[in-house]
Amino acid sequence: MLAIAAERRAKNISGDKFVHKYRLPSTSSVVSAVKGLLEKDFITQEDGEYFIYDHFFQLWLEKERLI
């Protein structure tokens, strides 16, 4: 979720470039995590881009320097 928040609008999140850039464990773990985050409405997908569903949560992450 933090990697998606850092991008603001993330594309190709299961690609090698994204996985390596954010030092994520593996493509399969990203796919699994994204599925859960989508189900819980923490993130959403629109036109092939993933982003934090709640704009104020995105701002809070930025303010707290968590991303």
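The following paragraphs examine the structure supplied in this document. For every chain, the first residue of the written sequence is number 1, and numbering continues from 1 onward in sequence order. Reporting in this predicted model follows two pLDDT cut-offs: at least 70 for local features of residues, and 80 or more for side-chain atom pairs to be given and counted; totals over whole chains, interfaces and linings ignore these cut-offs and use all residues. Side-chain figures throughout are based on the complete set of non-hydrogen atoms in the structure, without hydrogens or water.

### Let's talk about helix α4 (residues 55-63)
One side-chain oxygen at the N-terminal end of α4 lies 2.9 Å from the backbone nitrogen of phenylalanine 56; it belongs to aspartate 54. Note on α4: the residue one or two positions beyond its end, arginine 65, has a positive phi of about 55 degrees. In protein, a polar contact means a hydrogen-donor-capable atom and an acceptor-capable atom, both N or O and within 3.5 Å, with residues adjacent in sequence counting only if both atoms are side-chain atoms; elsewhere, any N or O pair within 3.5 Å suffices. The helix and strand labels rest on DSSP assignments: H or I over at least four residues marks a helix, E over at least two residues marks a strand, and numbering proceeds from the N terminus.

### Focus on the pairing of strand β2 (residues 43-46)
Whether two strands pair comes down to DSSP finding at least two bridges between them. Judged from the four bridges that link them, β2 and strand β3 (residues 49-52) form a sheet pairing that is antiparallel. What sits directly across from threonine 44, in β3, is phenylalanine 51. Connecting the antiparallel pair β2 and β3 is a turn made up of two residues, with aspartate 47 showing a positive phi of about 50 degrees.

### Observations regarding the environment of valine 30
Looking at the secondary structure, you find valine 30 in helix α3 (residues 27-39). Relative accessibility decides the category of a residue: with a 1.4 Å probe and only protein chains considered, values under 20% of the type maximum give buried, values over 50% give exposed, and everything between is partly exposed. Given the relative accessible area of 8%, valine 30 is considered buried. Remark: the alpha-carbon pair of valine 30 and methionine 1, spanning 29 residues in sequence, is separated by 9.5 Å. By definition, residues are in contact when any of their heavy atoms lie within 4.5 Å. In this structure valine 30 touches Ile13, Ser14, Val19 and Leu24, once residues within four positions along its chain are discounted.

### Remarks on the side chain of glutamine 58
As for its position among the elements, glutamine 58 is in helix α4. Discounting chain neighbours no more than four positions away, the residues touching glutamine 58 are Ala5, Arg8, Ile52 and Ile67.

### A few points about the sheet that holds β2
Across the sheet, which stays open at both edges, the three strands sit in the order β1-β3-β2 with antiparallel pairing between neighbours. Because the sheet does not close on itself, it has two edges, and the strands there are β1 (10-11) and β2. Pairing analysis gives two bridges linking β1 to β3, with the strands arranged antiparallel. If you follow lysine 11 over to β3, its bridge partner there is glutamate 49. Angular values range over 0 to 180 degrees, each being the angle between N-to-C directions of two axes fitted as lines to C-alpha atoms, with helices fitted over their stretch in contact. Its contacts with the sheet place α3 against β2 and β3, and it is angled at close to 100 degrees to β2.

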